[in-house]
Structures are given as structure tokens and as C-alpha cells.
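Analysis of the macromolecular model
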Amino acid sequence: MSSASPDSPSFEELVQLRREQVEQALDHALPPADHTPTRLHQAMRHSVQAGGKRLRPMLVLSAHGLFPSHRDPLPAAIAVECLHTYSLVH
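Residues numbered from 1 in each chain as written. Predicted model: local features only at pLDDT ≥ 70, side-chain atom pairs only at ≥ 80, totals over all residues. Heavy atoms only, no water.

On to the overall build of the chain, then. Secondary structure assignment for the chain yields four helices and zero strands. For the chain, the α and β elements follow one another from N to C terminus as α-α-α-α. Its C-alpha atoms give the chain a radius of gyration of 15 Å, clearly above 12 Å, the size a compact globule of 90 residues would have. Its C-alpha atoms give the chain principal-axis dimensions of roughly 55 × 25 × 20 Å. Counting over 90 residues, the chain shows a buried share of 22%. (Helix = DSSP H or I, 4+ residues; strand = E, 2+ residues; numbered from the N terminus. Rg over C-alpha atoms; globule rule 2.2 N^0.38 Å. Buried < 20%, exposed > 50% of the residue type's maximum accessible area, 1.4 Å probe, protein only.)

In C-alpha cells:
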């Protein structure tokens with residue numbers, strides 16, 4: 001027996017929604033690929049937007065759900081994802 005209401009999203013839908021939020025926030029936070037220095041910005045976008053599960057930022061967003069505050073958790077979530085990507089590249 002499920003405790004979720006019929007109108008609440010399923011786990012899979014919630015994961016997809018959060019993944020899309022993170023992808024949009026990353027796209028907005030990164031400099032456009034055609035801005036100088038273009039080679040650097042293209043490399044940054046290629047590395048960060050290579051895909052993945054986006055588990056780390058989803059954990060940040062979920063933690064915010066457990067311990068809500070008035071602050072938007074999305075900047076912290078994408079910062080964690082950028083640090084993770086940096087650690088993979090370097």
C-alpha cells in the first residue's frame with residue numbers, strides 16, 4: 001500500500017524532474033561556448049554536460065527537502081556537480 005497521494009509524482013518522475021532542473025541550472029550557470037575564451041568554455045561545457053545520473057546534486061536537493069530553508073538549494077547542487085566534474089577531469 002502506497003502512502004503517496006494519487007497527484008504526487010512517482011519516484012522516477014521526481015528523479016527526472018530534478019535531473020532536468022539540474023541540467024537547466026548547469027546550462028544557465030556555464031558561460032556560452034561561443035564567448036571568449038571559446039576553447040575553454042567549449043571544454044567546460046563538454047565536460048559538465050557529458051551527462052550522467054546527476055546523483056550528487058539530487059542528494060543536495062533531497063537534503064534540502066529534509067531540512068528546508070528559505071534559500072534556493074539549486075546553486076549548491078550545481079556547485080557540487082561542478083566540483084565532481086572537476087575532480088574527474090583533473
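Turning to the nonpolar core, a few remarks are in order. In this structure, Val22, Ala25, Leu26, Leu30, Val48, Leu61, Leu74, Ala77 and Ile78 together form the largest nonpolar core, which totals nine residues. Mapped onto this core, the elements with two or more residues apiece are α1 (11-29) and α4 (74-89). (Core = buried A, V, L, I, M, F, W, Y, C linked by side-chain atoms within 4.5 Å.)

Attention shifts here to the confidence of the model for the chain. Confidence in the prediction for the chain averages 91 pLDDT; 94% of positions are at 70 or higher. Predicted confidence in the chain is weakest over α1, with a mean pLDDT of 93, and strongest over helix α2 (residues 38-48), with 95. (pLDDT = per-residue confidence, 0-100.)

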